[in-house]
Amino acid sequence: MAMICIENLTFGYPGAAETVFEGLDLRLDTRWRLGVIGRNGRGKTTLLQLLAGEYPYQGRILAPVEFVRFPAPVASPDAPVGRVLADAAGAAQAWQRQRELSLLGMEAALERPFSSLSGGERTKVLLAALFLNEGAFPLIDEPTNHLDAAARLQVAAYLRRKEGFVLVSHDRCFLDACVDHILAFNRSGPGVQSGNFSVWFENYQRRQADEQARNQRLQKQIGALRQAARRTADWSARAEKEKIGAGPVDRGYIGHKAAKMMQRAKAIEARRQRAAQEKQGLLQDLETAEPLKLAPLPWPARPLAELREAAPVYGGRPVCAPVTFSLHSGERLALDGPNGAGKSSLLRLLAGQGPDHTGLVRCASGLVVSVVPQETGGLRGSLAGFCRENGLDESLFKAILRKMDFSRAQFEAGMEDFSEGQKKKVLLARSLCQRAHLYLWDEPLNYIDLFSRMQIEELLEQARPTMVFVEHDAAFRQRLATRVLRLERP
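None of these values were measured; they are calculated from a predicted model. (Residues numbered from 1 in each chain as written. Predicted model: local features only at pLDDT ≥ 70, side-chain atom pairs only at ≥ 80, totals over all residues. Heavy atoms only, no water.)

**A look at the packing of aromatic side chains**
Any two aromatic rings considered together are summarised by their centre-to-centre distance and by the angle between their planes.
Stage number 1. Per the stated rule, a full pass over the model turns up 17 aromatic pairs.
Stage number 2. Measuring from centroid to centroid gives 4.9 Å for phenylalanine 11 and tyrosine 13, while their planes differ by 80 degrees, and the two rings are edge-to-face.
Stage number 3. When its relative accessible area of 5% is taken as the criterion, phenylalanine 11 is described as buried.
Stage number 4. On the basis of relative accessibility, which here comes to 30%, the residue tyrosine 13 falls in the partly exposed class.
Stage number 5. Members of the aromatic cluster, connected to one another through ring pairs, are Phe197, Trp200, Phe201, Tyr204 and Phe451. (Phe/Tyr/Trp six-rings, centres within 6.5 Å; stacked < 30°, edge-to-face > 60°. Buried < 20%, exposed > 50% of the residue type's maximum accessible area, 1.4 Å probe, protein only.)

The structure is reproduced here in structure tokens:
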């Protein structure tokens, strides 16, 4: 058994108001398939970067292994996949490279230029390169963002065959399928537990329920003790006054009785303080997520959009087999299909953003559309400036971000310094500010933390907007989609 030992690790980005880690201590077994979870901005990616030696830090990281990180840059993207693998893991034999690609369903890609691969195919190649580095310890940062549902199952099965890696992911089903330990970045600090995500979440919910019950009991107890202490102290004060009252009194007895009552009052107060201290230690890891709100515009009974034998066209060729469907008010239509089957292109057609197409695409006149794009690139500058550019109510926009776990300090930071998850939340908050007839969301959960995913699920179940969305998180899609449209390559 070899251990990665992190001792008193302290780190903050230059110019940032807050540190990411303060005195972090961890012990991680190199045999674990470790899933890392936590709210956006808690330092999951930063931890991988520090382990890989990408930033200077205070404290110590003691490791008996060399770290390799995903995603890694590719020096020659136009080179064949076989050459990319050889460059990344020169000691690996040709049969080993073929074996890893075969396990990922990519054996036919060996001679293809890396640059010609889809995002999901590139992810598979880079993962193969990671595990071809014998003796190196893989650090894997959110590999599912470009994988369709089938590819996620395939990659999870691949990782389940491996021993020893750290994986940052927010996909609940993916984590369940491939990890055996969870490192959770809680509000009070990190905690490690054996088991997959479902085991961790069940234990987390049970612990929070127990602590909430204890919190309520202590709150009642503290109130009762406070009243008892006040009554006892009042009695003692009245007894003291009687010692100087009119007529003959046994002042010694009354003084003794008053002293005993005061002593009892102090004892009651000490019990109250102990109960208050115990209460203060509860619910420190409770992740609060205030309900979000969405007010979609109403739409009459007729369809919002109709497609007949339609397919997006690039370079004169359709990117998917023709599809036919009508979209009605209140439907949440999930687009399914392999990478490159035209899901994002179909969303752009519905948004009126092109591209060219075959068949009939008819969107109702006066339709107001709100879009969450897949990519977060280009987000720079202040949140206030972003609101002005997009015509948003700044107070409402920032209130939504606060509910999605943004700190007030982040409101003053530039968006270029946000994590990818925080950038995605900015795009989601913009859409939630917009009253629209139709919401078009393209992989809205990329980089979004688990608790925010559940928060968004609750919102969409309550608000029931008309939506067309692409999302490969199986738990999200199973809960929310009223209908699934499967796209196939032509």
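**Digging into the nonpolar core**
Burial of nonpolar side chains together is a common tendency in soluble globular proteins.
Stage number 1. Counting residues in hydrophobic clusters, the biggest one holds 46 residues, and the most contacted among them are Ile140, Leu159, Leu167, Phe197 and Trp200.
Stage number 2. Looking at which element gives the most residues to this core, the answer is helix α4 (residues 119–132), with 8 residues.
Stage number 3. If near-sequence neighbours (up to four positions away) are discounted, leucine 159 is found in contact with Arg33, Phe131, Ile140, Phe165, Leu167, Phe174 and Cys178.
Stage number 4. Of all hydrophobic cores here, the second largest spans 35 residues; its members include Met415, Val426, Leu445 and Leu459. (Core = buried A, V, L, I, M, F, W, Y, C linked by side-chain atoms within 4.5 Å. Helix = DSSP H or I, 4+ residues; strand = E, 2+ residues; numbered from the N terminus. Contact = heavy atoms within 4.5 Å.)

**Here we look at the pattern of salt bridges**
Stage number 1. Under the counting rule described, the total for this entry stands at 29 salt bridges.
Stage number 2. A salt bridge links arginine 83 to aspartate 87, with the shortest nitrogen-to-oxygen separation between them at 3.5 Å. Of this pair, arginine 83 and aspartate 87 both sit in helix α2 (residues 81–88), 4 residues apart, which is roughly one turn of the helix.
Stage number 3. Residues lysine 423 and glutamate 420 are paired through a salt bridge, measuring 3.8 Å at the closest nitrogen-oxygen approach. You can see lysine 423 and its partner glutamate 420 sitting in helix α12 (residues 420–433), 3 residues apart, about one turn around the helix.
Stage number 4. Overlapping salt bridges, with partners in common, bring together Arg172, Arg453, Glu457, Glu458, Glu461, Asp473 and Arg479 in one network. (Salt bridge = Lys/Arg side-chain N within 4 Å of Asp/Glu carboxyl O.)

**Here we look at the sheet that holds strand β3 (residues 33–38)**
Stage number 1. As summarised here, the arrangement of the 6 strands in space is β5-β6-β7-β3-β8-β9, forming an open sheet in which the pairing is mixed. This sheet does not close on itself; its edge strands, each paired only once, are β5 (66–70) and β9 (190–194). When the angles between neighbouring strand axes are averaged without regard to direction, this sheet yields 20 degrees.
Stage number 2. Of the pairings in the sheet, the one linking β3 to strand β7 (residues 165–168) comprises 4 bridges and is parallel in character. Its bridge partner lying in β7, leucine 34 is registered against valine 166.
Stage number 3. Relative to strand β6 (residues 136–141), helix α1 (residues 44–51) is tilted by about 155 degrees, and along the sheet it contacts β3, β5, β6, β7 and β8 (181–185). (Pairing = 2+ DSSP bridges. Axes fitted to C-alpha atoms, helices over the stretch in contact; angles between N-to-C directions.)

**Concerning unusual backbone geometry**
Stage number 1. With an omega of 0 degrees, the peptide bond running from phenylalanine 70 to proline 71 counts as cis.
Stage number 2. The residue proline 71 is located in the loop between β5 and α2 in this model.
Stage number 3. Even without being glycine, glutamate 142 reaches a positive phi, approximately 45 degrees.
Stage number 4. Looking at the element boundaries, glutamate 142 is found in the loop between β6 and α5 (149–160).
Stage number 5. The backbone of glutamate 309 sits at a positive phi, close to 50 degrees, despite the residue not being glycine.
Stage number 6. Within the element layout of this structure, glutamate 309 appears in strand β10 (residues 305–314).

**Description of the packing of helix α3 (residues 94–103) against α4**
A packed helix pair is summarised by two numbers, namely the angle formed by the two axes and the spacing between the axes.
Stage number 1. Closest axis-to-axis distance for the α3/α4 pair is 9 Å, and the angle between their directions is 135 degrees. Judged by the inter-axis angle, α3 sits oblique to α4. In the crossing of α3 with α4, the sense of the turn from one axis to the other is right-handed. Within the contact between the two elements, α3 uses Gln96, Arg97, Glu100 and Leu101 and α4 uses Val125, Ala128, Phe131 and Leu132.
Stage number 2. The class makeup of the residues in the contact of α3 with α4 is 5 nonpolar, 1 polar and 2 charged. (Parallel < 35°, antiparallel > 145°, perpendicular 65-115°, else oblique. Left-handed = near helix turned anticlockwise from the far one by under 90°. Nonpolar A, V, L, I, M, F, W, Y, C, P; charged D, E, K, R; others polar.)

**Examining helix α13 (residues 450–463)**
Stage number 1. Between the first and last C-alpha of α13 there are 20 Å, a value that for 14 residues agrees with the 20 Å anticipated at 1.5 Å per step.
Stage number 2. Of all the 14 residues making up α13, 10 are buried; the element is thus mostly covered by neighbouring parts of the structure.
Stage number 3. Here α13 has its buried residues at Leu450, Phe451, Ser452, Arg453, Met454, Gln455, Ile456, Glu457, Leu459 and Leu460.
Stage number 4. Looking at where α13 begins, the residue whose side-chain oxygen comes 3.2 Å from the main-chain nitrogen of phenylalanine 451 is aspartate 449. (Expected span 1.5 Å × (residues − 1). Polar contact = N/O pair within 3.5 Å; in protein donor to acceptor, adjacent residues only side chain to side chain.)

**Digging into α1**
Stage number 1. Summarising burial for α1: 7 of the 8 residues are buried, a large majority.
Stage number 2. Considered for burial, the residues of α1 that qualify are Lys44, Thr46, Leu47, Leu48, Gln49, Leu50 and Leu51.
Stage number 3. Where α1 ends, the next residue or the one after it, glycine 53, has phi of about 75 degrees, a positive value.

**Some points on the sheet that holds strand β2 (residues 21–29)**
Pairing between the strands of a sheet comes from backbone hydrogen bonds, and it takes one of two forms, parallel or antiparallel.
Stage number 1. Strand order in this open sheet of 3 strands is β2-β1-β4, and the pairing throughout is antiparallel. Each edge of the open sheet carries a strand with a single partner, namely β2 and β4 (58–62). Direction aside, neighbouring strands of the sheet carry axes that sit 10 degrees apart on average.
Stage number 2. Sheet topology places strand β1 (residues 3–11) next to β2; 6 bridges connect them, and they run antiparallel. Of the residues in β2, the one forming a bridge with isoleucine 6 is leucine 26.

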